[in-house]
Amino acid sequence: MSVLIQISKTTEITHPETIIKMGFAIPFDESEETVAEVNEDQEMQEWYQRAINGEFIVNGAFSIEDAELIPPLSELTNFVPTKEFVSALRYIHGSLKDATDAIMRGEPNAIMGNHVNQCFHGDPGGGKTKLAYALAAATGLPYRIVACNPDIESDTFNGKNVVIDGVITKVSTAFMDAFERGGIVVLEEHNLMRPGLAA
């Protein structure tokens, strides 16, 4: 199971399933508290507590190399939960559960094409990358980042052919590793890539 998170300041995105706008929460004013706000805050705290308790961790058989890329669950103790965190976690958890259930039923190719594609956008310093890191900790998935720029090449996504001892060898990339072996891959500033490169 892989999770693609596109991070940028704009909403120019490549086929996301969900878009999460960072920082849309209105500052809390106790004098205007409503039942809906209380219930929403209570639900957010419940999901956050469940995440801290490890309820959303994927029981995957990751290699030692991949396991080293999983943020520790303790990272969540310093993370301030937000509506965006709960929204993204709920969606990722549902997708992971669907894939796991299909595998348990013995469905052939249950994992094929099963991925989550989300876009987090908002102002610089708004917590988009920290949110992705917290989601990796909450789900127990390896976390990888691909820094995008106008000069990034397609081999960043497709792998690279290199010559090693006179033999052409395909070298994997962080992007490929996440999709082949599972994990969260973050495309930082994906909007800076040339149009169509990662489509």
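As shown above, the structure is provided for reference.
Residues numbered from 1 in each chain as written. Predicted model: local features only at pLDDT ≥ 70, side-chain atom pairs only at ≥ 80, totals over all residues. Heavy atoms only, no water.

Peer 1: Looking at this structure, I do not really get the overall build of the protein chain. What am I missing?
Peer 2: A count of helices and strands for the protein chain gives 6 helices and 7 strands. Mapped in sequence order, the helices and strands of the protein chain form the string β-β-α-α-α-β-α-β-α-β-β-α-β. Counting every position in the protein chain, which comprises 199 residues, the buried fraction comes to 38%. For the protein chain, the exposed surface amounts to about 11200 Å²; the carbon and sulfur share of it is 53%. (Helix = DSSP H or I, 4+ residues; strand = E, 2+ residues; numbered from the N terminus. Buried < 20%, exposed > 50% of the residue type's maximum accessible area, 1.4 Å probe, protein only. Areas by Shrake-Rupley, 256 points an atom, 1.4 Å probe, with all protein chains shown as cover.)

Peer 1: Please clarify how unusual backbone geometry should be interpreted in this entry.
Peer 2: Within the chain, aspartate 165 stands out as a residue other than glycine whose phi angle is a positive 50°. Relative to the elements of secondary structure, aspartate 165 occurs in the loop between β5 (160-164) and β6 (167-171).

Peer 1: In this structure, what is going on with the pattern of salt bridges? I would like to understand it.
Peer 2: Oppositely charged side chains are able to pair whenever their charged atoms sit close together. Across all of its chains, the model carries 5 salt bridges by this definition. The salt bridge partner of arginine 90 is glutamate 43, with a shortest N-O separation of 2.3 Å. Pair noted here: arginine 90 is in helix α3 (residues 83-104) and glutamate 43 is in helix α1 (residues 35-52), with a separation of 47 residues, a long-range link. A relative accessible area of 35% means that arginine 90 is categorised as partly exposed. A salt bridge links glutamate 153 to arginine 194; its shortest N-O distance comes to 4.0 Å. Of this pair, glutamate 153 sits in the loop between β4 (143-147) and α5 (155-158) while arginine 194 sits in the segment after β7 (183-188), and the two are 41 residues apart along the sequence. (Salt bridge = Lys/Arg side-chain N within 4 Å of Asp/Glu carboxyl O.)

Peer 1: Would you take a moment to explain the nonpolar core for this structure?
Peer 2: One broad rule of soluble globular proteins: the nonpolar side chains tend to lie buried together. By size, the foremost hydrophobic cluster in this structure holds 26 residues, and its most contacted members are Ala51, Leu76, Phe79, Phe85, Leu89, Leu135 and Ile184. Counting residues per element, the ones that place at least two in this core are α1, α3, β3 (115-121), α4 (128-139) and β7. Top element by residues in this core is α4. It accounts for 7 residues. Among residues more than four places away in sequence, those in contact with phenylalanine 85 are Tyr48, Ala51, Leu76, Phe79, Leu131, Ala134, Leu135 and Ala138. Within the second largest apolar cluster, 10 residues are counted, among which are Val146, Phe175, Met193 and Leu197. (Core = buried A, V, L, I, M, F, W, Y, C linked by side-chain atoms within 4.5 Å. Contact = heavy atoms within 4.5 Å.)

Peer 1: What's the story with helix α6 (residues 174-181) in this structure? I'm lost.
Peer 2: One turn of the α-helix equals 3.6 residues, which is why residues spaced by three or four share an orientation. Taken together, the buried positions of α6 are Phe175, Met176, Asp177 and Ala178. Once α6 finishes, glycine 182 follows within two positions and takes phi at roughly 95°, a positive value.

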